[in-house]
Amino acid sequence: MSIVLHGIAVGSGVAIGRAHLVVRGMDEVPHHELPENEIDAEAERYEQAVKATRRQLEQLRTAIPENAPTELGAFISLHLMLLSDATLSRDPADIIVKQKINAEWALKQQVDFLTEQFNAIGDDYLRERKQDMLQVAERIYKNLRGLNTDIIGTEDFEDDSILIAHDLSPADTVFFKDGRIAAFVTDAGGPTSHTAILGRSLEMPSVIALNHVRDLISEDEWVIVDGSSGVLIIDPDAVVLAEYRREMREFKNQQRQLSRLKKTAATTQDNINIELLGNIETTEDIKNLHKFNADGVGLFRSEFTYLNRDTLPTEDELFGIYLEAVKKLKGKSLTIRTVDLGVDKNPRWFGHNRSLNPALGLTGIRLCLAEPMMFRTQMRAILRAAAHGPVRLMWPMISSLEEVQQCLTHLNIAKEQLAEQDKAFDKDIAVGIMVEIPSAALAIGALLKCVDFISIGTNDLIQYTLAVDRGDESVGYLYQPTHPAVLKLLQHVIRTANRMQKQVSVCGEMAGDKQYTRLLLGMGLRRFSMNPNNLLAVKNRVIQSDVMMLETEIQRITRSDDLDKITKLIKKLNQTNQGT
Ligand code: PEP
Ligand code: MG
């Protein structure tokens, strides 16, 4: 009988194949006490297992194939760092000596202890790093037991297998792109886990957070993985299989067609040029941006440099990173957003966040203004990078005119500091704000007078307008991008910016979702910034659209207060043939 399960979707497309269950390392850990004369050798055995683990991870890091996701190297380095920490590299050996027990059991005790400590952390991002610790421990364990640490590479591995694992570590995924794995599903993982991030970058259908899915599937059983909707179907019947096979063919066809659009200009049927930009998180992502021929970077989420470390980055370190981005972009524009920390991205040094409602607390620009040294350091680095190429500065989570004025004051101080030190910088750097809080959207006319450009962050704008936590799946059904209130705000902001001749873009997920391309074009949007993987699908919609025709249709949509009607009208808008 077939079973349908829902998890978190982290890839795209559909895969159909036979299940391959990945053996879980730390089930049924052996436990025994040791005679005095075997203890030193046991501690030595543990140390050898740690060394073997280090060797394997280092080898994997150097063997990462060209086509693997860019984050992979950084994630494996993080695992090597965790392995070097005394909590994993030394403490279990001490437990062996103290308790006179075997190495596997000592490791198990240490893992249980660390798990408890991680569970006590209030912060989602850090709590999810528990999975990284468990993945490293599992590899040590497999080395202790002499088990195979590679997930692929075994002879009995079928092409188009679907991996069913408790969890997958970044190291497990190094050779995923070799074509033998069609998809993966895991019990564990949250939306910001490394498994999720890699799933997205691998562009492989994958569904995570399925809890105990391994207990429901047998080896070689047929499964369907729908990476777009987060659905897993175990043992599907013939009708369902046929339907999904059709969908799979269609998806592959579409991808093939889209790849031909790389060099095509993003010009509408009525000859309006649209700018399609990419969102990035590290300079490594720029490779992907060029792959899809984006016009530049519309949003550099600069938080990554501040995470997983004990100290703040220095001005020179940040300057180095931003300069590298400028060089890699070869003349394309780069909009750097100052750090947006405090909700799900919390650096180790950040002790402020005790708030019950972190998304309403000291976050985004509020945190920058509360930490002026950090803020000005980053702005100095951005100003210096701007002397070397088209760099723009953007502030996140602005809620009032006063905040913009304070930001401008800090920016002037940063400029004065650089001038005093005789450092080269762009004194006329273009400055902009993210519009992602309803108060900013409503007061946009006043804010626009102070800045050169704005970018609408629909992810947060929807969250704050509808009072729906964007990361909470239990209220996910209320997170509606086309809610009439959201559309009214979007239209107001885009119209006002166009009237005041200030540049406006959207950089939230809506910009990369082709079902909203025509809606936004009709509202007057001409710049979209998105995950580069979505760029060609959006371009395809752009070149098949006629903006003049859309403008009249849009009025009916934004005037309506009926969500069902809006949904139908948007669907119709997308179906209308507008040329080609
Ligand atoms: C947004 O809120 O839409 C946005 C682009 O910013 P982030 O997703 O980084 O909060
Ligand atoms: Mg945001």
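Please read these numbers as outputs of a predicted model, since none were measured by experiment.

Procedures and definitions
Residues numbered from 1 in each chain as written. Chains lettered and ligands numbered in written order. Predicted model: local features only at pLDDT ≥ 70, side-chain atom pairs only at ≥ 80, totals over all residues. Heavy atoms only, no water. Helix = DSSP H or I, 4+ residues; strand = E, 2+ residues; numbered from the N terminus. Rg over C-alpha atoms; globule rule 2.2 N^0.38 Å. Contact = heavy atoms within 4.5 Å. Areas by Shrake-Rupley, 256 points an atom, 1.4 Å probe, with all protein chains shown as cover. Lys, Arg positive; Asp, Glu negative; His and termini not counted. Charge placed at Lys NZ, Arg CZ, Asp CG, Glu CD. Domains from an automatic or database assignment. Core = buried A, V, L, I, M, F, W, Y, C linked by side-chain atoms within 4.5 Å. Buried < 20%, exposed > 50% of the residue type's maximum accessible area, 1.4 Å probe, protein only. Donors = N, O, S within 2.8 Å, 3.2 Å for Na, K, Ca; no water. Phe/Tyr/Trp six-rings, centres within 6.5 Å; stacked < 30°, edge-to-face > 60°. Lys NZ or Arg CZ within 6 Å of the ring centre and 35° of its normal.

Moving on, we come to the overall build of the protein. Helix and strand counts for the protein come out as 21 helices and 16 strands. A compact globule built from 580 residues would reach a C-alpha radius of gyration of about 25 Å, and the protein, at 26 Å, matches this within 12%. Viewed in the frame of its principal axes, the protein has a C-alpha envelope of about 85 × 70 × 40 Å. Taking the intrachain contacts of the protein between residues at least 6 apart in sequence as the baseline, contacts between residues at least 24 apart amount to 69%. Accessible surface, the protein as shown: approximately 25,800 Å² in total, 50% of it carbon and sulfur. Between the mean site of the 67 positive side-chain charges and the mean site of the 80 negative ones, the protein shows a separation of 8 Å.

Moving on to the domain arrangement of the protein. Along its sequence, the protein is organised into domain 1 (3-22 + 151-238), domain 2 (36-145) and domain 3 (262-575). Its C-alpha centre places domain 2 at a distance of 38 Å from the equivalent point of domain 3.

Core analysis: the biggest nonpolar cluster contains 96 residues, and Trp395 and Ile454 have the highest contact counts within it. Residues Phe75, Ile181, Ala196 and Leu202 belong to the second largest nonpolar core, which totals 48 residues.

Along the chain, asparagine 459 falls in helix 16 (residues 458-466). Discounting residues that sit within four places of it in the chain, asparagine 459 has contacts with Arg301, Arg470, Tyr479, Gly508 and Glu509.

With that settled, the discussion passes to the coordination of the magnesium ion (ligand 2). Those protein atoms acting as donors to the magnesium ion (ligand 2) are Glu436 (OE) and Asp460 (OD), and they sit at 2.0 to 2.1 Å. Residue glutamate 436 is located in the loop between strand 13 (430-435) and helix 14 (438-442), and its partner aspartate 460 is located in helix 16; the two are separated by 24 residues in the primary sequence. The pair glutamate 436 / aspartate 460 is uniform in exposure class, with both members buried.

Below, the discussion takes up the packing of aromatic side chains. A full pass over the atoms with the stated rule returns 1 aromatic pair. Seen in terms of ring centroids, phenylalanine 300 and tyrosine 322 are 6.0 Å apart; in terms of plane orientation they differ by 85 degrees. Their pairing is edge-to-face. Placement of phenylalanine 300 in strand 10 (residues 296-301) and of tyrosine 322 in helix 10 (residues 315-329) is noted, with a sequence separation of 22 residues between them. Across the pair, tyrosine 322 and phenylalanine 300 agree in class, each one buried. Seen from the ring of phenylalanine 319, arginine 384 lies directly overhead, with NZ or CZ sitting 4.1 Å from the centre. Directly above the aromatic system of phenylalanine 453 lies the positively charged group of arginine 392, at a separation of 3.6 Å from the ring centroid.

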